[in-house]
Amino acid sequence: MAFGAHAGRGAYGMDRATRTLTVAAVDSVPVYREGLGAVIGRNPGLRWGGHAASHHAGIQLCEQLRPDLMLIDSALDPHAHLVRLLVEAHPMLVVTLLVDAAHRTTAYLATILEAGAHGALPRTVDPRRLTEGIRRTYVERHYTDPALAALVPRQRTGESSTARQPMPLSRREYQVLQLIAEGMENSAVADTLFLSVETVRTHVKSILRKLSARDRTHAVTKAFRSGLLIINPADQDQPGARSPRS
């Protein structure tokens, strides 16, 4: 079943069906990323572009690599913030969620659809269905693996689609906030994002204003509490891992 799928037609549709696709992923689990790279790398018509383990690194990867399709672990994007930012910044990019057991719900599928996701595959999908799902999502622009099809919300007759809720922060502000949450000072943020320190200061001021925060620590705390930022699932698995300070 598809998210209202219809395959491309004519020469353009044929090109989408036959071209070699560059695929990248945002996933926090090293072994899983290696597996994705191995499966995609040995499949004719697909090229492994690389991976990122966090939102800000995923945004940078898209800016630098310009992949055709990005796979995103649902555990890293439970509120579809990254989906929304990538879709808005890169209209030609196809975004597919790898949905884990905790997010196999109609509510989550509705959230990623509203954010602009093009496809959804189970995180436990086998290699053949993974590569088939990648190709079909790219060609049709809307595809759901059969194992998730029953969860796709059905729009009632006459009901209009829900307007996308805008992100409170810009793409760059979101990256800056994530790096601040990792404990970086402005100079380190500037080096990571290839920005000037003054530009980072400007972004920080905008973040504080938009989140109605007193200072950087308050902004990070509010972002975690509201779900704007999440704890990386891989960090939670580390011995002695701690929750963000309140």
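The structure under discussion appears in the preceding block.
Residues numbered from 1 in each chain as written. Predicted model: local features only at pLDDT ≥ 70, side-chain atom pairs only at ≥ 80, totals over all residues. Heavy atoms only, no water.

S.K.: Where do I start with the packing of helix α7 (residues 171-181) against helix α8 (residues 186-193) in this structure?
M.R.: Angle between the axes and distance between the axes are the two parameters that describe a pair of packed helices. Where α7 meets α8, the axes come as close as 10 Å, and the angle between the chain directions of the two elements is 130°. As summarised for this structure, α7 and α8 are arranged oblique, according to the angle between their axes. Here α7 and α8 pass one another in a crossing that is right-handed. Taken together, the residues of α8 that come into contact with α7 (itself represented by R172, Q175, V176 and L179) are V189, T192 and L193. When grouped by side-chain class, the residues that make up the contact of α7 with α8 number 4 nonpolar, 2 polar and 1 charged. (Axes fitted to C-alpha atoms, helices over the stretch in contact; angles between N-to-C directions. Helix = DSSP H or I, 4+ residues; strand = E, 2+ residues; numbered from the N terminus. Parallel < 35°, antiparallel > 145°, perpendicular 65-115°, else oblique. Left-handed = near helix turned anticlockwise from the far one by under 90°. Contact = heavy atoms within 4.5 Å. Nonpolar A, V, L, I, M, F, W, Y, C, P; charged D, E, K, R; others polar.)

S.K.: Whenever I open this one, the pairing of strand β3 (residues 69-73) confuses me. Can you help?
M.R.: Consecutive side chains of a regular strand alternate in pointing toward one face of the sheet and then the other. Most of β3 sits out of view: 5 of its 5 residues are buried. Side chains L69, L71 and D73 project from β3 onto one buried face, and the interleaved M70 and I72 project onto a second face that is buried too. Pairing between strand β1 (residues 21-26) and β3: 4 bridges, direction parallel. Across the sheet, the residue bridging to V23 is L69, located in β3. When β3 meets strand β4 (residues 94-99), the two strands line up parallel, connected through 5 bridges. Bridged to L71 within β4 is T96. Handedness of the crossover joining β3 and β4 through helix α4 (residues 81-89): right-handed. (Buried < 20%, exposed > 50% of the residue type's maximum accessible area, 1.4 Å probe, protein only. Pairing = 2+ DSSP bridges. Right-handed = clockwise from strand over helix to strand, strands pointing away.)

S.K.: When you look at the environment of F194 in this model, what are you seeing that I'm missing?
M.R.: Assignment of secondary structure puts F194 in the loop between α8 and α9 (197-210). What makes F194 exposed here is its relative accessible area of 67%. Once residues within four sequence positions are removed from consideration, F194 is found in contact with Q60 and Q64.

S.K.: What exactly am I supposed to notice about α8 here?
M.R.: Since one α-helical turn is 3.6 residues long, residues separated by three or four positions face the same way. Considered for burial, the residues of α8 that qualify are N186, V189, A190 and L193. Down the axis of α8, the sector holding all buried residues measures 100°, keeping them to one side. Considering only its buried residues, α8 is in contact with α3 (55-65), α7, α9 and α10 (216-226). Looking at the residues trailing α8, positive phi occurs at F194, about 60°. (Arc of directions from axis to C-beta.)

S.K.: Is there a simple way to think about the pattern of salt bridges in this case?
M.R.: Enumeration according to the criterion identifies 12 salt bridges in this entry. For D68, the salt bridge identified is with R19, shortest N-O distance 3.3 Å. Residue D68 is located in the loop between α3 and β3, and its partner R19 is located in the loop between α1 (10-18) and β1; the two are separated by 49 residues in the primary sequence. According to the relative accessible area criterion, R19 is partly exposed, its value standing at 32%. Where R129 meets D145, a salt bridge forms, and the shortest distance between an N and an O atom there is 2.4 Å. Of this pair, R129 sits in helix α6 (residues 127-140) while D145 sits in the loop between β6 (143-144) and α7, and the two are 16 residues apart along the sequence. On the accessibility criterion, R129 (26% relative accessible area) is partly exposed. (Salt bridge = Lys/Arg side-chain N within 4 Å of Asp/Glu carboxyl O.)

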